[in-house]
Amino acid sequence: MLSFYSAIALVVGVAILGLAFRTFAHPVFQKLSLICLLAVSFLIGWLPSGSVPAGLIGMSVWLILPWLELLTRVRTMRFPREKQLENRRPPSNEVFPDFNDLTTEIEEQHFDHVEDTGWNWENQEQFFRLFYRPAEKMQAAICSIDQGDLAFFYLSLSTRTEDGQLWTTWNYPYSAALKPSPNLQINRVNAGADFAEMVSAHQVFLLRNRVEPTSIVDLNAETMLEAIQKDLSQQIEHNLRAGVLLPTSEGKVRYSWRGLFYIWLQFIRDSVRL
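A few points on the structure. (Residues numbered from 1 in each chain as written. Predicted model: local features only at pLDDT ≥ 70, side-chain atom pairs only at ≥ 80, totals over all residues. Heavy atoms only, no water.)

### A word on the pairing of strand 10 (residues 252–255)
Argument step 1. Relative to strand 10, strand 1 (residues 79–80) is paired through two bridges, and the arrangement is antiparallel. By the bridge assignment, F79 is partnered in strand 10 with V253. (Pairing = 2+ DSSP bridges. Helix = DSSP H or I, 4+ residues; strand = E, 2+ residues; numbered from the N terminus.)

Encoded structure:
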């Protein structure tokens, strides 16, 4: 076994290596950073005892920790079955300092500002600034999610076709906490892509899937809001049918045990991907 100081030096060295890998944006280095984190956890369990099972238990802590949040908070949450969109004010500069710059960037790509909308539920606020480019019947959105202890934003581009399909390109940073509806086709792009690159990626996405321009549905402010409202309802109903959500006696919905396992697997996926 290593001496005490050698063991400390090894743990600190692997931790520093992991932090160094984390500074690179390439996914290979991000995964190497994750491996270093798991190695540190293994070493903390193995070095004092010399037991491989103890090291494996140390690694497994990262898989068990999410369940504390799932069982203490997520399990008790209740959501409205129908999320009603309302006209909303944009988030403040303190919450979302890049909001105005992103708006300008989108409008420079010939998108027109259509509506500011969103919904509130308990301590969670979701905001959408909607845009539209009539020439290609393409919808864009700046989406801000503020959960109190966590706030983030993402951009999306969407095209709707007459067969009910919704083709969406986005840079959503996490795996979704609910299963997507069957009619939703997602094209994920790197978070570092600028909006012009996202537009190009969305156009390629449509071409790759042979979406005919004549099949694309034209929208206006009213029909766009109606379509988004329908999307939200369809996703809730799809997850109820899939057993991810369960109805409550108060007319709301909550996560089932299957839903909690689904979120946990999404967390594992994010840990590997990010």
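### Regarding the side chain of R160
Argument step 1. Mapped onto the secondary structure, R160 falls in strand 6 (residues 151–160).
Argument step 2. For R160, a relative accessible area of 11% puts it in the buried group.
Argument step 3. Discounting chain neighbours no more than four positions away, the residues touching R160 are Q139, Q165, L166, S215, I216, V217, L219, A227, I228 and D231. (Buried < 20%, exposed > 50% of the residue type's maximum accessible area, 1.4 Å probe, protein only. Contact = heavy atoms within 4.5 Å.)

### Looking at the sheet that holds strand 3 (residues 112–121)
Argument step 1. Here we have seven strands laid out as an open sheet, ordered 2-3-4-5-6-7-8, and mixed in their pairing. The open sheet has two free edges, formed respectively by strand 2 (86–87) and strand 8 (184–188), since each of these has just one partner strand.
Argument step 2. The pairing of strand 7 (residues 166–170) with strand 8 spans five bridges and is classified as parallel. Each bridged residue has a counterpart across the sheet, and for T168 the counterpart in strand 8 is I186.
Argument step 3. The sheet strands contacting helix 4 (residues 99–107) are strand 3, strand 4 (124–133), strand 5 (138–146) and strand 6, and the helix crosses strand 4 at an angle near 25°.
Argument step 4. In the packing of helix 6 (residues 221–242) onto the sheet, the strands contacted are strand 3, strand 4, strand 5, strand 6 and strand 7, and the crossing angle to strand 4 comes to about 135°. (Axes fitted to C-alpha atoms, helices over the stretch in contact; angles between N-to-C directions.)

### Side note on a nonpolar patch on the surface
Argument step 1. A cluster of nonpolar side chains, namely I8, V12 and I16, defines an oily patch on the protein surface of about 260 Å² accessible area.
Argument step 2. Inspection of the secondary structure puts V12 in helix 1 (residues 4–22).
Argument step 3. The exposure class of V12 is partly exposed, given its relative accessible area of 42%. (Patch = residues over 30% accessible without salt bridge, like charges linked within 9 Å, V, L, I, M, F, W, Y side chains within 5 Å. Areas by Shrake-Rupley, 256 points an atom, 1.4 Å probe, with all protein chains shown as cover. Salt bridge = Lys/Arg side-chain N within 4 Å of Asp/Glu carboxyl O.)

### What to know about unusual backbone geometry
Argument step 1. Of note in this structure, K137 is not a glycine but carries a positive phi near 55°.
Argument step 2. On the secondary structure map, K137 appears in the loop between strand 4 and strand 5.
Argument step 3. Judged by relative accessible area, K137 falls into the partly exposed class, the value being 27%.
Argument step 4. The backbone of R210 sits at a positive phi, close to 55°, despite the residue not being glycine.
Argument step 5. In this structure, R210 sits in the loop between helix 5 (195–208) and helix 6.

### Some remarks on the environment of Y255
Argument step 1. Note on placement: Y255 falls in strand 10.
Argument step 2. Assessed through its relative accessible area of 5%, Y255 is described here as buried.
Argument step 3. Sequence spacing of Y255 and L240 is 15 residues, and the spatial spacing of their C-alpha atoms is 9.3 Å.
Argument step 4. If we skip the residues at most four places from it in the chain, Y255 touches V74, R75, F79, A177, L178, V244, L245, L260 and I263.
Argument step 5. Among the polar contacts listed, one links the side chain of Y255 to the backbone oxygen of A177, at a separation of 3.1 Å. (Polar contact = N/O pair within 3.5 Å; in protein donor to acceptor, adjacent residues only side chain to side chain.)

### Re the nonpolar core
Argument step 1. Among the nonpolar cores identified, the biggest contains 33 residues, and L70, V74, Y154, L245 and Y255 are the most heavily contacted of them.
Argument step 2. Residue assignment for this core shows that the elements contributing at least two residues are helix 3 (52–72), strand 3, strand 4, strand 5, strand 6, helix 6, strand 10 and helix 7 (257–273).
Argument step 3. The element contributing the most residues to this core is helix 6, with six residues.
Argument step 4. Core analysis: the second largest hydrophobic core is formed by 17 residues, F99, L102, F127 and M198 among them. (Core = buried A, V, L, I, M, F, W, Y, C linked by side-chain atoms within 4.5 Å.)

### A look at the environment of T159
Argument step 1. Relative to the helices and strands, T159 resides in strand 6.
Argument step 2. Residues T159 and L206, spaced 47 residues apart in sequence, show a C-alpha to C-alpha distance of 8.5 Å.

### Focus: the environment of Q203
Argument step 1. Mapped onto the secondary structure, Q203 falls in helix 5.
Argument step 2. Considered as a pair, Q203 and L157 are 46 residues apart in the sequence and their alpha carbons are 9.8 Å apart.
Argument step 3. Other than its neighbours up to four places away in sequence, Q203 contacts R133, E136 and M138.

### Some remarks on the sheet that holds strand 9 (residues 245–247)
Argument step 1. If you walk across this open sheet you meet the three strands as 1-10-9, and the pairing is antiparallel. On the outer flanks of this sheet lie strand 1 and strand 9, each paired with one strand and no other.
Argument step 2. Across the sheet, helix 6 lies against strand 9 and strand 10, angled at about 95° from strand 9, the strand it touches most.

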